[in-house]
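What the coordinates show
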Amino acid sequence: MGLLLRDRELRLRFENDRKAIIKELNIAPGQRSSVFGLDLRQLDAQAESLIRKRRAEVAHLVPKTWFRLGSEAHLQFRQYADHSPWPEGHRRHLVDASMFCQFLRNNTASEYLRSEHHWVSFLANDRSFSVRLLDDLVVLGRERWAVQFCVRWNGVATSKVFRIRSFRELIRR
Amino acid sequence: MIEEVDAESFVEVPLIGLAFRQPLADWILTKPDVIDCLELTAEHFFDGGEAQLEQLRDRYPLSVHGLGLSLGTPGAIDRKTLDRFKRVADLADARWISEHIAFTKTDEVDLGHLNPVPLTSDSLQTLIDHAREVMDLCQKPLLLENITSYLRVPEEIPETEFINGLCQQAGVGLLLDVTNLFINSRNHDFDPVEWLHRVEPLIIKQLHIVGYSFADGVWHDRHCEPIQDELLELAAEVVSYAPVESIIVERDGGFPPTDRVECELKRLGAACESARCG
C-alpha cells in the first residue's frame, strides 16, 4: 500500500487493473482483499495529504525561499516531489528541504536562497562546522556577498552570516 | 490531627497537559499551574536536547510519543529507531510511552507520515508483536493512538473490535485522539459517540485533543486551531465514559499568546471536571 500512496502513476494503473497490480506488488494473501477494495478517491486524498504534510514542513524550514516563490511554491514543490526520491529517517523533513533547495538550484530558480540551503543541509547531517560564501544576502533590497558559518556545539546548531563589504564601501565608511 | 474522610467522595480528574513544542518552551519551563504534565515527541530529541529534557523531567511527569516506529509494518521494527526511542524514554523517565496504530514506512518507501493499516488478523498480529517488543525493551506502559485518515481501508475486523483486541492481547492502553475520532466521523460519516461506546472503557488511558480545520468540504488535522466546542463535548463524553488519566493538547503550529493557551487548558480542565463529577 505504501507504493500506491507514493506513486501517482501506479495508482492510475491500479485504477485500470487492480488484480495485475496486486500481483505485481506481491501483496500478502491476507491483505489482498483489503487492497483490492480500496476506494481510489480516498487513496488519492491520502496520498495528497502526505505531499501536503511534506510541503508544510519544507515551507516551515525554508521560509524565505518559500516566501520568494510566492504562488509558484506549491507547483514547484509538486514538480520536485514527483521526480525525487522520498526522504528517509528522522531528519527526513530537513533532507526534504535540502533536496528541494537543490532542485530549485538545478532549475536556476531566481528564488533559490543559498543561505537557507546551506543551513538546512547542515542541520540534516552530522557535521559540527560548515562555512559557505553567499552571493545572495539581501540587504535593503539588494543582494550582497557574505560568509555564513554554521556550528554545532553540545548538540545545539547555530548559524551566523557576516556581510562582506566592498573596498569602495569601506572607504566610504 | 488526622481526619477520617470518605474515599468515595474523591473524584479523580485527568491531568491536563501539553505537547512540548519549542515556541512554548520558555513559558513551559516557568511551570505554570495550568500544566500538569507534558508529552515529548521522541524524534525531537534524537539529535540532542538532553539538557532541556532534564529540565522538563525535573518539572513535570512526562510521556514520550513516537512518530516513526511504524508498528503496523510487517517484519522487524527498525532497531536503530527503537533504540533511540528507548534512550529518550529513559532520559525522560517517561511515565507512559506512546505510538500509533499505523504504518509510516514499508520495505520500499518511507512515507514519513501516518497511514492506516488494513484491519485484518495479519495486521492485528503484527501490531501485537511490535507493541510487546517495544514494551519489553522500554519497560514502560505503552499506549497506542488512533489516527485520522482520508483513506478507509475495507474492514475484515471492525475498527473498534480491532482496537479492543489489540489493547487486550498486547497489554497496552489506548491513547484516544478525540480530534482524530471527530474528523474521521465527519469525513467517513459515522457517529463518534456510538464508536466510543463500542470501545472497552478500561483501555482508554490518555487523550489527545487540538482544534480541527475545515477546508474544501473536508475536515483536517492540521494541529493549529483552538479546540472547538464540539471537541470539548466529545472529550467530556470520553472522560465520563472511561478512566482517562491525562489529556494532552497537541498543537503543532499557529501558537497563540500563552495567556490564550492558559485559557484553553483551563477550559478543558473545567469541562473534564464537570464530566467526571457528573
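Residues numbered from 1 in each chain as written. Chains lettered and ligands numbered in written order. Predicted model: local features only at pLDDT ≥ 70, side-chain atom pairs only at ≥ 80, totals over all residues. Heavy atoms only, no water.

1. Looking at the interface of chain A and chain B
Of the residues lining the interface, 29 residues belong to chain A; the matching set on chain B comes to 30 residues. Buried surface at the junction of chain A and chain B, summed over both partners, amounts to about 2600 Å²; 57% is from carbon and sulfur atoms. For the pair chain A and chain B, the interface holds one salt bridge. Between aspartate 47 of chain B and arginine 91 of chain A there is a salt bridge; the shortest N-O distance is 2.8 Å. Connecting chain A to chain B are 13 residue pairs in polar contact (both at pLDDT 80 or more). At the level of elements, helix H1 (2-6), helix H4 (29-36), helix H5 (40-61) and helix H8 (92-106) of chain A are the ones that each hand at least two residues to the side of chain A that touches chain B. The element that contributes the greatest number of residues to the side of chain A that touches chain B is H5 of chain A, accounting for nine residues. A per-class count over the side of chain A that touches chain B returns nine nonpolar, twelve polar and eight charged. (Contact = heavy atoms within 4.5 Å. Buried area = accessible area lost by both parts, 1.4 Å probe. Salt bridge = Lys/Arg side-chain N within 4 Å of Asp/Glu carboxyl O. Polar contact = N/O pair within 3.5 Å; in protein donor to acceptor, adjacent residues only side chain to side chain. Helix = DSSP H or I, 4+ residues; strand = E, 2+ residues; numbered from the N terminus. Nonpolar A, V, L, I, M, F, W, Y, C, P; charged D, E, K, R; others polar.)

2. Looking at the nonpolar core
One finds Leu18, Ile28, Val134 and Ile204 of chain B to be the most contacted residues of the largest nonpolar core, which totals 122 residues. Residues lining this core come from more than one domain, with at least three contributed by each of domain 1 (1-38) and domain 2 (39-172) of chain A. For isoleucine 28 of chain B, the residues in contact, after removing those within four places along its chain, are Leu18, Phe20, Ile35, Leu38, Leu56 and Tyr60 of chain B. (Core = buried A, V, L, I, M, F, W, Y, C linked by side-chain atoms within 4.5 Å. Buried < 20%, exposed > 50% of the residue type's maximum accessible area, 1.4 Å probe, protein only. Domains from an automatic or database assignment.)

3. Some thoughts on the sheet that holds strand E3 (residues 156-163) of chain A
Residue and element names in this part refer to chain A. Pairing in this open sheet of three strands is antiparallel, and the strands run E1-E2-E3 from one edge to the other. Unpaired on one side and paired on the other, strand E1 (129-139) and E3 mark the two borders of the sheet. Strand-to-strand twist in this sheet, taken as the mean axis angle between neighbours without regard to direction, amounts to 25°. Here strand E2 (residues 142-153) pairs with E3 via eight bridges, running antiparallel. For phenylalanine 149, the partnering residue across the bridge sits in E3 and is lysine 160. (Pairing = 2+ DSSP bridges. Axes fitted to C-alpha atoms, helices over the stretch in contact; angles between N-to-C directions.)

4. Things to note about the confidence of the model for chain A
Overall, the prediction assigns chain A a mean pLDDT of 89, with 98% of residues at 70 or greater. When mean pLDDT is taken per element in chain A, H8 of chain A scores highest with 95 and helix H10 (residues 167-172) of chain A scores lowest with 69. (pLDDT = per-residue confidence, 0-100.)

5. Focus on the layout of surface pockets
Roughly 530 Å³ of internal volume is contained in the second largest pocket. Lining the second largest pocket are 21 residues, with Met1, Ile27 and Gln31 of chain A together with Pro74 and Thr106 of chain B sitting closest to its centre. Only H1 and H4 of chain A together with strand E5 (103-105) and helix H4 (121-138) of chain B provide two or more residues apiece to the lining of the second largest pocket. For the lining of the second largest pocket, the residue count by class is ten nonpolar, eight polar and three charged. (1 Å grid on protein atoms, 1.4 Å probe; cavity = no way out; pocket = protein on both sides within 12 Å on 5 of 7 lines; lining within 4 Å. Points joined across faces, edges and corners; volume = space filled by probe spheres on them.)

6. Some remarks on the domain arrangement of chain A
All names here are of chain A. Examined at the domain level, chain A breaks down into domain 1 (1-38) and domain 2 (39-172). Of all residues in domain 1, Leu5, Arg8 and Arg11 bury the most surface against domain 2, accounting for 56% of the area lost on that side. At the boundary of domain 1 and domain 2, one finds two salt bridges. Between aspartate 82 and arginine 8 there is a salt bridge, with the nearest N and O atoms lying 2.5 Å from each other. The interface formed by domain 1 and domain 2 holds three residue pairs in polar contact (both at pLDDT 80 or more) in total. Elements with a minimum of two residues in the side of domain 1 that touches domain 2: H1 and helix H2 (8-16).

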